[in-house]
Amino acid sequence: MPSDSTIQVRINELSQLIHQYNYVYYCANTADAGADNFDNETYDSLLNELKTLENKFPELRLEDSPTLKVNAEPNTALPSRKHQLPMLSLGNVYSLDELKSWTAGVQKLLGGQKPEYVCELKIDGVAVSVIYRNGILTAGVTRGDGSEGEEITANIKTINCLPLKIKTGPNLEVRGEVYLPSNNFAALNQQRLKTGEPPFKNPRNAAAGSVRLLDSTETRRRRLAVFVYTIAEGLPHETHAENLEFLRQQEFPVNPETKTVSSIEEVLEYCRYWEEHKEELPYDIDGIVLKVNSLKQQRQLGFTAKSPRWATAFKFTAEQAFSVLREVEIGVGRTGNLTPVALLDPVELNGTIVARATLHNYDQVERFNLHLGDHVTLEKGGEIIPKIVAVDPTLRTPDAQKIEAPLTCPACDTLAFRPQGEVEWRCPNRVCPAQQKEQILHFVSRRAMDIDTIGPALIEQLLSKNFLKNAADLYLLSHEDLSGLERMADKSAANVLSSIEKSKKCELAQFIHALGIANVGEKTAGILAQHFGTLERLMSGTADALEKVEAIGPVIADSIIDFFQDQQQLQLITDFLERGVSPAEVIIQEIIDSPFNGKIIVLTGTLSEPRDVWKKRLVQAGANVTGSVSKKTDFVLAGENAGSKLEKADKFAVKVIDEEMAHALLSQVKSFVTAE
Ligand code: IVH
């Protein structure tokens with residue numbers, strides 16, 4: 001049994017981490033180290049761990065514990081507003097080697113063409129979208145969750161360097177980073193110290209707080225600034241650099257250090273230079289953003305579920321800390337994965353006290369040849385949970401105990417195994433209480449079914465009393481079952497039942513996410529719901545049909561197919577549906593306005609991208625891609641060295657187009673498959 005002081009350290013640590021997550025999620029809307037990697041599962045598991053500890057040791061709960069105000073953080077007084085185009089984040093790389101590989105990947109996807117790049121500073125502030133209608137600034141919106149943000153128009157208008165009126169109209173939407181210049185930050189904190197208010201930790205926090213104030217007079221006093229880095233609506237030119245130039249001419253503040261380059265050596269030089277000289281800038285940056293200059297190439301590269309393939313962020317080296325490994329705890333995940341977690345002597349890292357670090361898996365443990373008592377180096381990388389990046393074997397004592405993979409599951413003692421080709425050790429017991437608990441916790445979590453009256457302590461009780469075997473059993477719970485439990489008043493029991501009842505009418509995306517399909521997170525669940533519209537259609541989707549969906553590759557498609565072939569999962573789904581869970585159907589609208597709609601296309605010759613990429617793209621735009629040219633064929637898409645198919649096209653008078661033409665036609669597609 002750990003001592004009270006160990007538990008207090010953990011409670012402090014969890015509270016701090018969750019505050020940080022809340023801040024990043026609800027307030028910062030920013031490129032913060034955490035925002036890019038906001039991981040709901042980690043968030044939920046931290047929160048659940050804290051709730052469990054606080055329930056067991058109420059006397060150790062902190063006065064400002066985040067459990068007292070979770071869900072109350074967002075500033076509900078600001079109206080929300082949907083983004084016309086989602087505000088995406090960027091993928092990250094953490095070394096110049098990784099950056100080089102990223103550019104090699106881009107070049108490959110472009111069929112070997114060497115693109116020009118625009119190098120930009122990654123401003124450490126808050127992302128905003130600013131909308132001009134008929135030349136007048138009419139709205140400023142935060143990034144929010146990417147698809148919907150908060151309207152902060154009055155505050156945005158206080159930013160002096162941003163034009164309220166532009167020369168050319170009519171409609172323009174620009175995006176950029178609001179930041180607090182270093183001298184204004186210092187002055188603001190001095191002022192706050194004088195008036196007894198707590199100082200802001202860094203300019204980003206201060207900027208994030210300031211753009212969301214309800215009193216715009218106070219925002220004006222803080223003297224925010226902005227750099228605009230992209231146009232979301234009203235793009236005038238076909239290269240990013242020209243569009244930035246256009247913004248400059250319209251008197252928008254565009255960062256003066258931006259540079260267009262044509263070789264990777266110049267990219268690396270730019271990164272090295274700014275990593276070395278960042279302190280000389282009058283504002284904070286936390287990396288470099290690299291963007292493909294040509295918009296045509298950007299379209300060719302497209303997007304993943306989270307971010308564009310045509311841009312990435314090179315993050316400057318993370319801070320490090322040193323500690324000693326005291327113990328390795330084994331976490332059991334909802335699919336039975338056994339994850340080693342390092343328990344460390346507490347140390348400070350990037351302003352937080354760290355007492356544990358993820359070890360990811362036992363391959364990692366083996367690679368470090370990790371022993372108890374080892375001196376380790378910690379880094380935060382892009383995630384909030386730190387990781388061990390190095391071990392010093394010279395400080396190891398001869399009798400130190402080596403860390404081995406577990407023989408059995410720590411929760412149910414079943415023999416652990418490692419599936420062939422996987423790095424994770426697993427507990428194979430489907431009814432392992434730890435797995436069940438994690439699955440149910442995931443099911444009820446905020447971003448799944450959002451049953452917020454059910455936490456880890458209640459699930460533990462329900463499992464131990466056999467009222468629950470799995471998440472579907474939640475829908476069988478009665479008032480009697482609940483009111484007999486510890487610390488469960490009549491009213492609380494009624495609340496729990498009513499929130500379970502309410503969850504029956506859920507969104508399809510929520511339900512798909514709640515099912516816990518491997519590799520299907522919240523975003524992918526949303527994409528699947530939009531595409532298939534109903535659970536039945538998703539369940540009968542073939543691998544082919546799944547892979548045709550934007551951002552779904554073979555790995556995700558396989559996980560989905562496996563999941564829906566598992567008898568136990570099918571039974572669970574039947575139980576959910578029979579017990580009243582009824583995810584709302586998403587009405588799918590037909591493809592409208594596509595020059596390829598219903599057209600028969602044949603591909604021939606050497607194309608600059610793989611054929612299946614072209615096929616997927618054309619099918620998405622409504623075309624039928626077939627193998628041979630006939631009089632029914634509408635288009636032949638020809639690459640280099642096209643042979644007999646061209647002759648046939650000529651014979652049947654079929655229109656022959658090249659890749660450029662095909663891209664031009666694709667850019668006219670107004671909507672692929674959309675859903676209400
Ligand atoms: S481009 C589609 N350029 O970094 C990507 N972002 O995760 C649009 N940021 O949320 C972002 N400086 O808030 C871009 N020069 C720059 C940036 C920049 C800072 C932030 C932005 C975004 C985050 C990337």
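In this report, the structure presented in the accompanying data block is examined. (Residues numbered from 1 in each chain as written. Predicted model: local features only at pLDDT ≥ 70, side-chain atom pairs only at ≥ 80, totals over all residues. Heavy atoms only, no water.)

## Some points on unusual backbone geometry
(1) Moving on: Of note, Asn134 is a non-glycine position whose phi angle comes to about 50 degrees, a positive value.
(2) Moving on: Looking at Asn134, the relative accessible area reads 63%, which means it is exposed.
(3) Moving on: Look at Asn466: it is not a glycine, yet its phi comes out positive at around 65 degrees.
(4) Moving on: Mapped onto the elements, Asn466 comes out in the loop between helix H13 (456-464) and helix H14 (479-483).
(5) Moving on: Exposure remark for Asn466: the relative accessible area of 64% places this residue in the exposed category. (Buried < 20%, exposed > 50% of the residue type's maximum accessible area, 1.4 Å probe, protein only. Helix = DSSP H or I, 4+ residues; strand = E, 2+ residues; numbered from the N terminus.)

## Describing the sheet that holds strand S7 (residues 172-179)
(1) Moving on: As summarised here, the arrangement of the 4 strands in space is S5-S4-S7-S8, forming an open sheet in which the pairing is antiparallel. Strands with a single pairing partner mark the edges of an open sheet, and in this sheet they are strand S5 (136-142) and strand S8 (225-233). On average, each strand axis in the sheet is inclined to that of its neighbour by 30 degrees, with strand direction left out of account.
(2) Moving on: Pairing of S7 with S8, which is carried by 7 bridges, proceeds in the antiparallel orientation. (Pairing = 2+ DSSP bridges. Axes fitted to C-alpha atoms, helices over the stretch in contact; angles between N-to-C directions.)

## As for the site of the ligand
(1) Moving on: Close to the ligand lie 16 residues, the nearest being Leu90, Glu120, Arg143, Glu177 and Lys291.
(2) Moving on: Take Lys122: an N or O atom from its side chain is 3.4 Å from an oxygen atom of the ligand.
(3) Moving on: Taking Glu177, its side chain carries an N or O atom lying 2.5 Å from an oxygen atom of the ligand.
(4) Moving on: Computed on the free molecule, the ligand has an accessible area of 520 Å², of which 93% lies beneath the protein chains in the complex.
(5) Moving on: Elements with a contribution of two residues or more to the shell around the ligand: strand S3 (117-123) and strand S10 (285-292).
(6) Moving on: Per element, the largest residue contribution to the shell around the ligand is 4 residues, and it comes from S3.
(7) Moving on: For the shell around the ligand, a count of residues per class yields 9 nonpolar, 1 polar and 6 charged. (Near = heavy atom within 4 Å. Polar contact = N/O pair within 3.5 Å; in protein donor to acceptor, adjacent residues only side chain to side chain. Areas by Shrake-Rupley, 256 points an atom, 1.4 Å probe, with all protein chains shown as cover. Nonpolar A, V, L, I, M, F, W, Y, C, P; charged D, E, K, R; others polar.)

## Here we look at the packing of helix H12 (residues 433-444) against H13
(1) Moving on: For the pair H12 and H13, interaxial distance at closest approach is 10 Å and the crossing angle is 130 degrees. Between H12 and H13, the interaxial angle falls into the category oblique. Seen along the crossing, H12 lies across H13 with a hand that is right-handed. Facing Pro433, Gln436, Lys437, Ile440, Leu441 and Val444 of H12, the residues of H13 in contact are Pro456, Ile459, Glu460 and Leu463. (Parallel < 35°, antiparallel > 145°, perpendicular 65-115°, else oblique. Left-handed = near helix turned anticlockwise from the far one by under 90°. Contact = heavy atoms within 4.5 Å.)

## Quick look at a negative patch on the surface
(1) Moving on: The grouping of Asp544, Glu547, Asp558, Asp562 and Asp612 at the surface amounts to a negative patch.
(2) Moving on: If you list the elements that add at least two residues to the negative patch, you get helix H19 (543-547) and helix H20 (554-565).
(3) Moving on: The residue Asp562 is located in helix H20 in this model.
(4) Moving on: Since its relative accessible area comes to 52%, Asp562 is described here as exposed. (Patch = residues over 30% accessible without salt bridge, like charges linked within 9 Å, V, L, I, M, F, W, Y side chains within 5 Å. Salt bridge = Lys/Arg side-chain N within 4 Å of Asp/Glu carboxyl O. Lys, Arg positive; Asp, Glu negative; His and termini not counted. Charge placed at Lys NZ, Arg CZ, Asp CG, Glu CD.)

## A word on the sheet that holds strand S22 (residues 655-657)
What links the strands of a sheet is backbone hydrogen bonding, and the strands pair in either a parallel or an antiparallel sense.
(1) Moving on: Judged by pairing direction, the sheet is parallel, and its 4 strands sit side by side in the order S20-S19-S21-S22 without closing on themselves. With partners counted over all chains shown, the strands left at the sheet margins are strand S20 (624-626) and S22, one partner each. Adjacent strand axes in the sheet meet at a mean angle of 30 degrees, parallel and antiparallel pairs treated alike.
(2) Moving on: As paired strands, strand S21 (residues 635-638) and S22 are joined by 3 bridges and run parallel to one another. Within S22, the residue paired with Phe635 across the bridge is Lys655.
(3) Moving on: Strand contacts of helix H24 (residues 659-666): S21 and S22, with the helix running at about 95 degrees to S22, the strand carrying the most contacts.

## A closer look at the side chain of Thr377
(1) Moving on: Tracing the backbone through its elements, the reader meets Thr377 in strand S15 (residues 375-379).
(2) Moving on: Judged by its relative accessible area of 12%, Thr377 falls in the buried class.
(3) Moving on: In this view, Thr377 contacts Gln320, Ala321, Phe322, Lys387, Ile388, Val389 and Ala390; residues no more than four positions away in its chain are not counted.

## Some points on the pairing of strand S4 (residues 126-133)
Sheet faces and side chains relate simply in a regular strand, where the side chains alternate between the two faces.
(1) Moving on: Counting buried positions along S4 yields 7 of 8 residues, so the element is predominantly enclosed.
(2) Moving on: Sheet analysis places S4 next to S5, joined by 6 bridges and oriented antiparallel. Directly across from Arg133, in S5, lies its bridge partner Ile136.
(3) Moving on: Hairpin connection of S4 to S5: 2 residues between the antiparallel strands, including Asn134 at a positive phi of 50 degrees.

## Some details on the environment of Arg537
(1) Moving on: Inspection of the secondary structure puts Arg537 in helix H18 (residues 535-539).
(2) Moving on: Owing to a relative accessible area of 38%, Arg537 belongs among the partly exposed residues under this scheme.
(3) Moving on: Each C-alpha atom, one on Arg537 and one on Ala653, is 39 Å from the other, the two residues being 116 residues apart in sequence.
(4) Moving on: A polar atom in the side chain of Arg537 sits 2.6 Å from the backbone oxygen of Phe532.

## Observations regarding the pairing of strand S11 (residues 311-315)
(1) Moving on: Burial analysis of S11 places 5 of its 5 residues in the buried class, which makes it a mostly covered element.
(2) Moving on: Because side chains alternate across S11, one face comprises the buried residues Ala311, Ala313 and Lys315, and the other comprises Thr312 and Phe314, equally buried.
(3) Moving on: Note: strand S2 (residues 91-93) against S11, 3 bridges, orientation parallel. Each bridged residue has a counterpart across the sheet, and for Asn92 the counterpart in S11 is Ala313.
(4) Moving on: In the sheet, S10 pairs with S11 via 5 bridges, with the strands oriented antiparallel. Paired with Ile288 across the strands is Phe314, a residue of S11.

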